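# Examination of the molecular architecture
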Amino acid sequence: MTTRAASLQASSPPASSSPPRSSPPRRGRLRSGLVALVCGVLPVLAVLLVGAPPAAAATLTQVTDFGENPSNLDMHLYVPDTVQDEPAVLVAVHYCTGSGPAFYSGTEFAQLADRHGFIVIYPSATRSGQCFDVSSPQALRRDGGSDPVSIRSMVGYVEERYGADQDRIFVTGASSGGMMTNVLLGNYPDVFAAGAAFMGVPFGCFATSDGSGWNSACANGQISHTPQEWGDLVRAAHPGYAGERPRMQLWHGTEDDILYYANFGEAIKQWTDVLGVSQTPALSDTPRPGWDRTRYGDAGETAPVEAISLPGVGHSLPAGGMAAEAIRFFGLADDEPGGGDPGNPGEPGDADCAVTVTTNAWNNGLTGEITLTNTGGSTLDGWRLDFTLPAGQTLTSGWNAEFTGSQGAITAAGVGHTRVIAPGAAVSFGYQASHTGDAAGPSGFSLDGAACS
(Lines give C-alpha, C1' and ligand atoms only; values in the text may rest on other atoms or scores of the structure.)
Protein backbone atom coordinates (compact mmCIF):
# COMPACT_ATOMS: atom_id res chain seq x y z
CA MET A 1 0.00 0.00 0.00
CA THR A 2 1.07 3.57 -0.52
CA THR A 3 0.68 6.17 2.20
CA ARG A 4 -0.03 9.90 2.14
CA ALA A 5 3.69 10.57 2.33
CA ALA A 6 4.14 8.27 -0.64
CA SER A 7 2.09 10.52 -2.88
CA LEU A 8 3.72 13.93 -2.50
CA GLN A 9 5.38 15.15 -5.67
CA ALA A 10 8.92 16.50 -5.42
CA SER A 11 10.14 19.68 -7.09
CA SER A 12 10.63 19.47 -10.82
CA PRO A 13 14.09 18.37 -11.96
CA PRO A 14 16.51 20.55 -13.90
CA ALA A 15 15.94 20.82 -17.61
CA SER A 16 18.15 18.88 -19.97
CA SER A 17 21.43 20.56 -20.82
CA SER A 18 21.34 19.08 -24.32
CA PRO A 19 18.93 19.89 -27.14
CA PRO A 20 15.66 17.92 -27.21
CA ARG A 21 15.80 14.73 -29.26
CA SER A 22 13.03 13.75 -31.66
CA SER A 23 11.82 10.17 -31.54
CA PRO A 24 11.02 8.24 -34.73
CA PRO A 25 7.40 7.26 -35.36
CA ARG A 26 6.26 3.95 -33.83
CA ARG A 27 4.79 2.61 -37.07
CA GLY A 28 7.45 1.44 -39.50
CA ARG A 29 10.43 3.21 -37.99
CA LEU A 30 13.83 1.58 -38.43
CA ARG A 31 15.59 0.16 -35.44
CA SER A 32 18.88 1.34 -36.94
CA GLY A 33 17.87 4.83 -35.83
CA LEU A 34 18.56 3.75 -32.25
CA VAL A 35 22.07 2.36 -32.79
CA ALA A 36 23.45 5.09 -30.55
CA LEU A 37 21.69 3.48 -27.63
CA VAL A 38 23.44 0.11 -27.99
CA CYS A 39 26.48 1.15 -26.01
CA GLY A 40 24.75 0.56 -22.66
CA VAL A 41 26.14 -1.40 -19.80
CA LEU A 42 24.02 -4.22 -18.31
CA PRO A 43 25.05 -5.44 -14.84
CA VAL A 44 24.01 -9.03 -14.23
CA LEU A 45 24.47 -9.87 -10.55
CA ALA A 46 28.05 -8.87 -9.74
CA VAL A 47 29.45 -9.50 -13.24
CA LEU A 48 29.78 -6.48 -15.53
CA LEU A 49 29.08 -7.35 -19.16
CA VAL A 50 30.20 -4.60 -21.52
CA GLY A 51 29.33 -4.91 -25.18
CA ALA A 52 28.15 -8.53 -24.80
CA PRO A 53 24.96 -9.79 -26.45
CA PRO A 54 21.87 -9.82 -24.25
CA ALA A 55 21.71 -12.83 -21.96
CA ALA A 56 18.59 -14.40 -20.55
CA ALA A 57 18.52 -13.68 -16.85
CA ALA A 58 15.40 -14.07 -14.74
CA THR A 59 16.51 -11.52 -12.18
CA LEU A 60 16.22 -7.78 -11.85
CA THR A 61 19.32 -6.03 -13.20
CA GLN A 62 20.40 -2.41 -13.37
CA VAL A 63 21.27 -0.82 -16.69
CA THR A 64 23.48 2.24 -17.01
CA ASP A 65 24.31 4.43 -20.00
CA PHE A 66 21.00 3.60 -21.68
CA GLY A 67 20.85 6.90 -23.55
CA GLU A 68 19.75 10.48 -22.98
CA ASN A 69 18.92 10.89 -19.29
CA PRO A 70 18.35 14.57 -18.44
CA SER A 71 16.84 13.90 -15.00
CA ASN A 72 19.27 11.20 -13.88
CA LEU A 73 16.75 8.37 -13.51
CA ASP A 74 17.89 4.85 -12.71
CA MET A 75 16.85 1.94 -14.91
CA HIS A 76 16.22 -1.64 -13.83
CA LEU A 77 15.29 -4.38 -16.27
CA TYR A 78 13.58 -7.76 -15.94
CA VAL A 79 14.08 -10.22 -18.80
CA PRO A 80 12.42 -13.63 -18.26
CA ASP A 81 14.34 -16.83 -18.95
CA THR A 82 12.19 -17.31 -22.06
CA VAL A 83 10.71 -14.41 -23.99
CA GLN A 84 8.53 -14.04 -27.05
CA ASP A 85 10.15 -13.66 -30.44
CA GLU A 86 10.29 -9.86 -30.88
CA PRO A 87 9.00 -9.44 -27.32
CA ALA A 88 6.57 -6.85 -26.07
CA VAL A 89 7.89 -4.32 -23.54
CA LEU A 90 6.14 -2.99 -20.42
CA VAL A 91 7.33 0.12 -18.56
CA ALA A 92 6.21 -0.20 -14.91
CA VAL A 93 6.46 3.11 -13.02
CA HIS A 94 6.54 3.29 -9.21
CA TYR A 95 4.78 5.52 -6.66
CA CYS A 96 6.38 8.35 -4.63
CA THR A 97 8.98 7.21 -2.06
CA GLY A 98 9.27 3.99 -4.09
CA SER A 99 11.81 2.65 -6.54
CA GLY A 100 11.98 0.34 -9.51
CA PRO A 101 13.12 -2.60 -7.36
CA ALA A 102 10.29 -1.92 -4.86
CA PHE A 103 7.70 -1.90 -7.66
CA TYR A 104 9.25 -5.10 -9.02
CA SER A 105 8.89 -6.92 -5.70
CA GLY A 106 5.55 -5.36 -4.71
CA THR A 107 3.57 -6.06 -7.89
CA GLU A 108 2.91 -9.06 -10.15
CA PHE A 109 4.27 -7.69 -13.42
CA ALA A 110 7.48 -9.77 -13.30
CA GLN A 111 5.55 -12.99 -12.66
CA LEU A 112 3.23 -12.13 -15.53
CA ALA A 113 6.29 -11.50 -17.71
CA ASP A 114 7.47 -15.03 -16.89
CA ARG A 115 4.08 -16.38 -17.93
CA HIS A 116 3.65 -14.36 -21.12
CA GLY A 117 7.21 -13.70 -22.29
CA PHE A 118 7.45 -9.89 -22.30
CA ILE A 119 10.21 -7.63 -20.89
CA VAL A 120 9.66 -5.17 -18.03
CA ILE A 121 11.45 -1.83 -17.54
CA TYR A 122 11.37 -0.40 -14.00
CA PRO A 123 12.46 3.29 -13.92
CA SER A 124 13.50 4.80 -10.57
CA ALA A 125 13.15 8.47 -9.65
CA THR A 126 16.28 9.67 -7.83
CA ARG A 127 15.25 13.14 -6.66
CA SER A 128 14.17 13.79 -3.05
CA GLY A 129 10.86 12.04 -2.36
CA GLN A 130 11.32 9.64 -5.30
CA CYS A 131 8.41 11.14 -7.27
CA PHE A 132 8.33 11.47 -11.05
CA ASP A 133 8.10 14.87 -12.71
CA VAL A 134 4.58 15.18 -14.15
CA SER A 135 4.16 18.90 -13.53
CA SER A 136 6.96 20.94 -15.11
CA PRO A 137 6.63 22.51 -18.57
CA GLN A 138 9.57 20.35 -19.69
CA ALA A 139 7.78 17.15 -18.70
CA LEU A 140 4.52 18.04 -20.45
CA ARG A 141 5.80 18.37 -23.99
CA ARG A 142 7.42 15.87 -26.31
CA ASP A 143 11.20 15.70 -25.94
CA GLY A 144 11.05 18.74 -23.64
CA GLY A 145 13.42 17.18 -21.13
CA SER A 146 13.01 15.70 -17.65
CA ASP A 147 11.71 12.23 -16.79
CA PRO A 148 9.69 11.40 -19.92
CA VAL A 149 12.80 11.78 -22.10
CA SER A 150 14.77 9.48 -19.80
CA ILE A 151 12.05 6.82 -19.88
CA ARG A 152 11.81 7.10 -23.67
CA SER A 153 15.55 6.40 -23.79
CA MET A 154 15.07 3.25 -21.71
CA VAL A 155 12.48 2.01 -24.18
CA GLY A 156 14.79 2.70 -27.11
CA TYR A 157 17.59 0.80 -25.42
CA VAL A 158 15.41 -2.31 -25.00
CA GLU A 159 13.97 -2.05 -28.51
CA GLU A 160 17.43 -2.13 -30.02
CA ARG A 161 19.22 -4.52 -27.69
CA TYR A 162 16.48 -7.16 -27.43
CA GLY A 163 14.80 -6.84 -30.83
CA ALA A 164 11.55 -5.75 -29.18
CA ASP A 165 8.35 -5.31 -31.13
CA GLN A 166 8.00 -1.56 -31.56
CA ASP A 167 4.24 -1.89 -32.01
CA ARG A 168 3.86 -3.53 -28.58
CA ILE A 169 5.31 -1.04 -26.11
CA PHE A 170 3.10 -0.43 -23.03
CA VAL A 171 3.23 1.56 -19.81
CA THR A 172 1.61 1.21 -16.41
CA GLY A 173 2.09 2.82 -13.01
CA ALA A 174 0.54 3.63 -9.64
CA SER A 175 0.05 7.05 -8.03
CA SER A 176 2.99 9.12 -9.29
CA GLY A 177 3.54 6.30 -11.79
CA GLY A 178 -0.11 6.49 -12.80
CA MET A 179 0.34 10.19 -13.50
CA MET A 180 3.45 9.39 -15.54
CA THR A 181 1.47 6.83 -17.54
CA ASN A 182 -0.87 9.66 -18.63
CA VAL A 183 2.10 11.89 -19.45
CA LEU A 184 3.94 9.30 -21.53
CA LEU A 185 0.84 8.50 -23.60
CA GLY A 186 0.43 12.22 -24.27
CA ASN A 187 4.06 12.93 -25.11
CA TYR A 188 4.78 9.76 -27.10
CA PRO A 189 1.61 8.51 -28.79
CA ASP A 190 3.76 7.00 -31.55
CA VAL A 191 5.80 4.97 -29.06
CA PHE A 192 3.21 3.47 -26.68
CA ALA A 193 0.39 1.25 -27.88
CA ALA A 194 -1.59 1.44 -24.62
CA GLY A 195 -1.36 2.37 -20.95
CA ALA A 196 -2.92 1.34 -17.64
CA ALA A 197 -2.97 4.10 -15.00
CA PHE A 198 -3.66 3.13 -11.38
CA MET A 199 -4.86 6.00 -9.17
CA GLY A 200 -3.37 8.79 -11.25
CA VAL A 201 -4.67 12.10 -12.63
CA PRO A 202 -5.32 13.34 -16.19
CA PHE A 203 -2.50 14.58 -18.38
CA GLY A 204 -1.72 18.20 -17.47
CA CYS A 205 -3.80 18.22 -14.28
CA PHE A 206 -0.69 18.49 -12.09
CA ALA A 207 0.91 21.22 -14.22
CA THR A 208 2.73 24.00 -12.37
CA SER A 209 4.90 26.89 -13.49
CA ASP A 210 6.58 27.91 -10.22
CA GLY A 211 8.98 24.98 -9.87
CA SER A 212 6.70 23.15 -7.45
CA GLY A 213 5.89 19.50 -8.08
CA TRP A 214 2.66 19.49 -6.05
CA ASN A 215 -0.73 20.72 -7.23
CA SER A 216 -3.24 20.60 -4.37
CA ALA A 217 -6.23 21.57 -6.51
CA CYS A 218 -5.61 18.63 -8.83
CA ALA A 219 -4.84 16.18 -6.03
CA ASN A 220 -8.08 17.15 -4.27
CA GLY A 221 -10.15 16.67 -7.41
CA GLN A 222 -10.96 20.36 -7.76
CA ILE A 223 -9.87 20.80 -11.39
CA SER A 224 -12.54 20.13 -13.98
CA HIS A 225 -12.51 20.77 -17.72
CA THR A 226 -14.67 19.92 -20.67
CA PRO A 227 -13.60 16.81 -22.61
CA GLN A 228 -12.22 18.96 -25.43
CA GLU A 229 -10.23 21.13 -23.02
CA TRP A 230 -8.69 18.02 -21.47
CA GLY A 231 -8.05 16.57 -24.91
CA ASP A 232 -6.41 19.77 -26.11
CA LEU A 233 -3.87 19.51 -23.29
CA VAL A 234 -2.83 16.09 -24.58
CA ARG A 235 -2.73 17.19 -28.22
CA ALA A 236 -0.58 20.22 -27.32
CA ALA A 237 2.15 17.89 -26.02
CA HIS A 238 2.89 16.73 -29.57
CA PRO A 239 1.53 19.42 -31.91
CA GLY A 240 0.61 18.27 -35.37
CA TYR A 241 0.55 14.57 -34.55
CA ALA A 242 -2.24 12.91 -36.56
CA GLY A 243 -1.39 9.24 -36.12
CA GLU A 244 -2.90 6.45 -34.06
CA ARG A 245 -3.43 7.22 -30.37
CA PRO A 246 -2.73 4.68 -27.61
CA ARG A 247 -5.62 3.02 -25.76
CA MET A 248 -6.05 3.76 -22.06
CA GLN A 249 -7.16 1.72 -19.04
CA LEU A 250 -7.98 3.71 -15.89
CA TRP A 251 -8.27 2.43 -12.28
CA HIS A 252 -9.34 4.37 -9.17
CA GLY A 253 -10.65 3.66 -5.67
CA THR A 254 -13.71 5.60 -4.54
CA GLU A 255 -12.16 6.26 -1.11
CA ASP A 256 -8.83 7.58 -2.40
CA ASP A 257 -7.87 10.48 -0.11
CA ILE A 258 -4.51 11.20 -1.77
CA LEU A 259 -5.48 11.69 -5.42
CA TYR A 260 -9.22 12.11 -5.07
CA TYR A 261 -11.72 9.98 -6.98
CA ALA A 262 -13.00 12.97 -8.98
CA ASN A 263 -9.83 12.65 -11.06
CA PHE A 264 -11.15 9.33 -12.38
CA GLY A 265 -14.10 10.97 -14.11
CA GLU A 266 -11.91 13.79 -15.46
CA ALA A 267 -9.48 11.25 -16.93
CA ILE A 268 -12.35 9.42 -18.62
CA LYS A 269 -13.44 12.72 -20.18
CA GLN A 270 -9.89 13.36 -21.38
CA TRP A 271 -9.12 10.03 -23.00
CA THR A 272 -12.52 9.53 -24.61
CA ASP A 273 -11.99 12.92 -26.29
CA VAL A 274 -8.41 12.12 -27.31
CA LEU A 275 -9.51 8.81 -28.83
CA GLY A 276 -12.61 10.33 -30.41
CA VAL A 277 -15.24 8.11 -28.75
CA SER A 278 -18.48 8.76 -26.89
CA GLN A 279 -18.54 9.34 -23.14
CA THR A 280 -21.57 7.05 -22.98
CA PRO A 281 -20.31 3.56 -22.06
CA ALA A 282 -20.61 0.85 -24.69
CA LEU A 283 -20.47 -1.69 -21.85
CA SER A 284 -21.01 -1.59 -18.09
CA ASP A 285 -20.37 -4.72 -16.04
CA THR A 286 -18.78 -6.19 -12.90
CA PRO A 287 -16.09 -8.64 -14.05
CA ARG A 288 -15.10 -9.38 -10.43
CA PRO A 289 -16.65 -8.58 -7.07
CA GLY A 290 -15.78 -4.97 -6.24
CA TRP A 291 -14.86 -4.01 -9.81
CA ASP A 292 -17.27 -1.70 -11.66
CA ARG A 293 -16.09 -1.60 -15.26
CA THR A 294 -17.12 0.62 -18.17
CA ARG A 295 -15.84 0.50 -21.73
CA TYR A 296 -16.00 3.38 -24.19
CA GLY A 297 -15.99 3.29 -27.98
CA ASP A 298 -16.29 -0.50 -28.11
CA ALA A 299 -17.75 -3.19 -25.87
CA GLY A 300 -14.99 -5.68 -26.71
CA GLU A 301 -11.63 -6.59 -25.20
CA THR A 302 -9.78 -3.91 -27.18
CA ALA A 303 -11.99 -0.95 -26.27
CA PRO A 304 -10.24 2.41 -26.78
CA VAL A 305 -10.91 3.38 -23.14
CA GLU A 306 -11.62 1.03 -20.24
CA ALA A 307 -12.28 2.32 -16.71
CA ILE A 308 -12.51 0.28 -13.50
CA SER A 309 -13.97 1.90 -10.39
CA LEU A 310 -13.18 0.20 -7.06
CA PRO A 311 -15.88 0.87 -4.44
CA GLY A 312 -14.52 1.25 -0.91
CA VAL A 313 -10.87 1.12 -2.01
CA GLY A 314 -8.35 3.80 -1.04
CA HIS A 315 -4.97 4.73 -2.49
CA SER A 316 -3.24 1.38 -2.97
CA LEU A 317 -0.96 -0.58 -5.26
CA PRO A 318 -2.25 -2.80 -8.08
CA ALA A 319 -3.35 -5.98 -6.28
CA GLY A 320 -6.01 -8.65 -6.39
CA GLY A 321 -5.59 -9.50 -10.08
CA MET A 322 -5.41 -5.90 -11.30
CA ALA A 323 -1.98 -6.40 -12.89
CA ALA A 324 -3.24 -9.43 -14.81
CA GLU A 325 -6.25 -7.43 -16.00
CA ALA A 326 -3.91 -4.72 -17.31
CA ILE A 327 -1.94 -7.37 -19.20
CA ARG A 328 -5.19 -8.63 -20.71
CA PHE A 329 -6.09 -5.08 -21.79
CA PHE A 330 -2.71 -4.81 -23.51
CA GLY A 331 -3.43 -8.00 -25.46
CA LEU A 332 -0.56 -9.95 -23.90
CA ALA A 333 -2.54 -12.56 -21.95
CA ASP A 334 -2.56 -15.05 -24.85
CA ASP A 335 1.18 -14.87 -25.50
CA GLU A 336 3.44 -17.83 -24.82
CA PRO A 337 7.21 -17.41 -24.30
CA GLY A 338 9.23 -18.45 -27.32
CA GLY A 339 6.51 -17.60 -29.83
CA GLY A 340 4.66 -20.93 -29.67
CA ASP A 341 0.98 -21.49 -30.30
CA PRO A 342 -1.08 -19.02 -28.31
CA GLY A 343 -2.61 -20.39 -25.16
CA ASN A 344 -4.88 -18.66 -22.72
CA PRO A 345 -3.22 -19.01 -19.32
CA GLY A 346 -4.88 -15.88 -17.97
CA GLU A 347 -8.44 -17.18 -18.24
CA PRO A 348 -10.32 -18.59 -15.25
CA GLY A 349 -9.83 -22.25 -14.45
CA ASP A 350 -6.31 -22.52 -15.85
CA ALA A 351 -4.34 -22.24 -12.59
CA ASP A 352 -3.25 -25.41 -10.79
CA CYS A 353 -4.64 -24.38 -7.43
CA ALA A 354 -7.62 -24.77 -5.15
CA VAL A 355 -8.66 -22.50 -2.28
CA THR A 356 -10.82 -22.99 0.79
CA VAL A 357 -11.64 -20.24 3.29
CA THR A 358 -13.29 -20.15 6.71
CA THR A 359 -14.25 -17.05 8.68
CA ASN A 360 -15.17 -16.34 12.29
CA ALA A 361 -17.01 -13.06 12.85
CA TRP A 362 -18.10 -10.97 15.83
CA ASN A 363 -19.72 -7.52 16.18
CA ASN A 364 -17.52 -5.44 13.84
CA GLY A 365 -14.53 -7.79 13.42
CA LEU A 366 -13.60 -11.15 11.93
CA THR A 367 -10.75 -13.55 11.26
CA GLY A 368 -10.29 -15.60 8.13
CA GLU A 369 -8.19 -18.66 7.36
CA ILE A 370 -7.27 -19.44 3.76
CA THR A 371 -5.88 -22.80 2.63
CA LEU A 372 -4.11 -22.85 -0.75
CA THR A 373 -3.59 -26.28 -2.36
CA ASN A 374 -1.19 -26.93 -5.23
CA THR A 375 -3.21 -29.14 -7.60
CA GLY A 376 -0.58 -29.11 -10.35
CA GLY A 377 2.47 -31.21 -11.03
CA SER A 378 5.11 -28.54 -10.38
CA THR A 379 6.30 -26.94 -7.15
CA LEU A 380 4.96 -23.46 -6.41
CA ASP A 381 7.85 -21.31 -5.23
CA GLY A 382 7.21 -17.65 -4.38
CA TRP A 383 3.46 -17.73 -5.07
CA ARG A 384 1.15 -14.69 -4.98
CA LEU A 385 -2.58 -15.17 -4.39
CA ASP A 386 -5.06 -12.40 -5.29
CA PHE A 387 -8.54 -12.10 -3.80
CA THR A 388 -11.20 -9.50 -3.06
CA LEU A 389 -12.64 -8.60 0.35
CA PRO A 390 -16.34 -7.70 0.51
CA ALA A 391 -17.22 -4.00 0.63
CA GLY A 392 -16.88 -2.56 4.13
CA GLN A 393 -14.12 -4.93 5.25
CA THR A 394 -10.64 -3.62 6.09
CA LEU A 395 -7.69 -5.93 6.65
CA THR A 396 -5.88 -5.02 9.87
CA SER A 397 -3.31 -7.81 10.31
CA GLY A 398 -2.27 -11.18 8.99
CA TRP A 399 -0.01 -14.16 9.59
CA ASN A 400 1.92 -16.77 7.58
CA ALA A 401 1.79 -14.51 4.48
CA GLU A 402 2.70 -11.00 3.39
CA PHE A 403 -0.35 -8.93 2.45
CA THR A 404 -0.62 -6.00 0.02
CA GLY A 405 -3.74 -3.83 0.22
CA SER A 406 -6.25 -3.36 3.02
CA GLN A 407 -9.63 -2.97 1.27
CA GLY A 408 -11.11 -4.52 -1.84
CA ALA A 409 -8.33 -6.11 -3.88
CA ILE A 410 -5.74 -7.93 -1.73
CA THR A 411 -2.59 -9.87 -2.60
CA ALA A 412 -1.07 -12.47 -0.25
CA ALA A 413 2.45 -13.80 -0.85
CA GLY A 414 4.10 -16.78 0.79
CA VAL A 415 6.80 -16.20 3.40
CA GLY A 416 9.13 -18.56 5.23
CA HIS A 417 7.61 -22.02 5.51
CA THR A 418 4.58 -21.07 3.37
CA ARG A 419 6.62 -19.82 0.40
CA VAL A 420 7.05 -23.24 -1.27
CA ILE A 421 4.15 -25.62 -1.96
CA ALA A 422 4.98 -29.07 -3.34
CA PRO A 423 2.56 -30.78 -5.80
CA GLY A 424 -0.46 -32.01 -3.88
CA ALA A 425 0.52 -30.10 -0.73
CA ALA A 426 -1.23 -27.14 0.90
CA VAL A 427 -0.41 -24.18 3.14
CA SER A 428 -2.67 -22.11 5.38
CA PHE A 429 -2.47 -18.46 6.33
CA GLY A 430 -4.84 -16.03 7.97
CA TYR A 431 -5.91 -12.45 8.50
CA GLN A 432 -7.96 -10.24 10.78
CA ALA A 433 -10.31 -7.58 9.45
CA SER A 434 -12.93 -5.11 10.59
CA HIS A 435 -16.33 -5.00 8.88
CA THR A 436 -19.41 -2.79 8.70
CA GLY A 437 -21.96 -5.58 8.50
CA ASP A 438 -20.86 -7.92 5.72
CA ALA A 439 -18.74 -10.62 7.39
CA ALA A 440 -18.55 -12.94 4.36
CA GLY A 441 -15.30 -14.46 3.18
CA PRO A 442 -13.26 -13.13 0.24
CA SER A 443 -13.84 -14.12 -3.38
CA GLY A 444 -12.17 -14.02 -6.79
CA PHE A 445 -9.06 -16.07 -5.90
CA SER A 446 -6.37 -16.18 -8.57
CA LEU A 447 -2.79 -17.42 -8.48
CA ASP A 448 -0.29 -15.33 -10.45
CA GLY A 449 -3.12 -13.98 -12.59
CA ALA A 450 -5.07 -17.22 -13.27
CA ALA A 451 -8.21 -18.18 -11.32
CA CYS A 452 -8.18 -20.95 -8.72
CA SER A 453 -10.99 -23.44 -8.22
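### Side note on the environment of Met179
Assignment of secondary structure puts Met179 in helix α4 (residues 176–187). The sequence separation of Met179 and Phe198 amounts to 19 residues, and the corresponding C-alpha distance is 8.4 Å.

### Some points on the confidence of the model for the protein
Summarising the model, the protein shows a mean pLDDT of 84, and 84% of its residues fall at 70 or more. Under a pLDDT of 50 for its full length, residues 1–57 has, in the predicted model, 144 contacts with residues more than four places off or in other chains. Across residues 340–349 the pLDDT falls below 50, and counting only partners more than four positions away or on other chains, this stretch makes 19 contacts in the model.

### Thoughts on the packing of helix α2 (residues 109–116) against helix α8 (residues 322–330)
Interhelical geometry of α2 versus α8 gives an angle of 45 degrees and a closest axis separation of 9 Å. When the axes of α2 and α8 are compared, the pair comes out oblique. As for how α2 packs across α8, the hand of that crossing is right-handed. For the pair formed by α2 and α8, the contact residues are Phe109, Leu112 and His116 on the first element and Ala323, Ala324 and Ile327 on the second. Its residues placed into classes, the contact of α2 with α8 shows 5 nonpolar, 1 polar and no charged.

### Re the state of the cysteines
Taken as a whole and judged by the stated rule, the model has 3 disulfides. Put simply, Cys96 and Cys131 are joined by a disulfide, and their sulfur atoms are 2.0 Å apart. When the S-S torsion is 130 degrees, as for the bridge of Cys96 with Cys131, the disulfide is right-handed. Of this pair, Cys96 sits in the loop between β5 (89–93) and α1 (100–106) while Cys131 is found in the loop between β6 (119–124) and α3 (146–162), placing the two residues 35 residues apart along the sequence. One disulfide in the model links Cys205 with Cys218; its S-S distance is 2.0 Å.

Rules behind the numbers
Residues numbered from 1 in each chain as written. Predicted model: local features only at pLDDT ≥ 70, side-chain atom pairs only at ≥ 80, totals over all residues. Heavy atoms only, no water. Helix = DSSP H or I, 4+ residues; strand = E, 2+ residues; numbered from the N terminus. pLDDT = per-residue confidence, 0-100. Contact = heavy atoms within 4.5 Å. Axes fitted to C-alpha atoms, helices over the stretch in contact; angles between N-to-C directions. Parallel < 35°, antiparallel > 145°, perpendicular 65-115°, else oblique. Left-handed = near helix turned anticlockwise from the far one by under 90°. Nonpolar A, V, L, I, M, F, W, Y, C, P; charged D, E, K, R; others polar. Disulfide = S-S within 2.5 Å.

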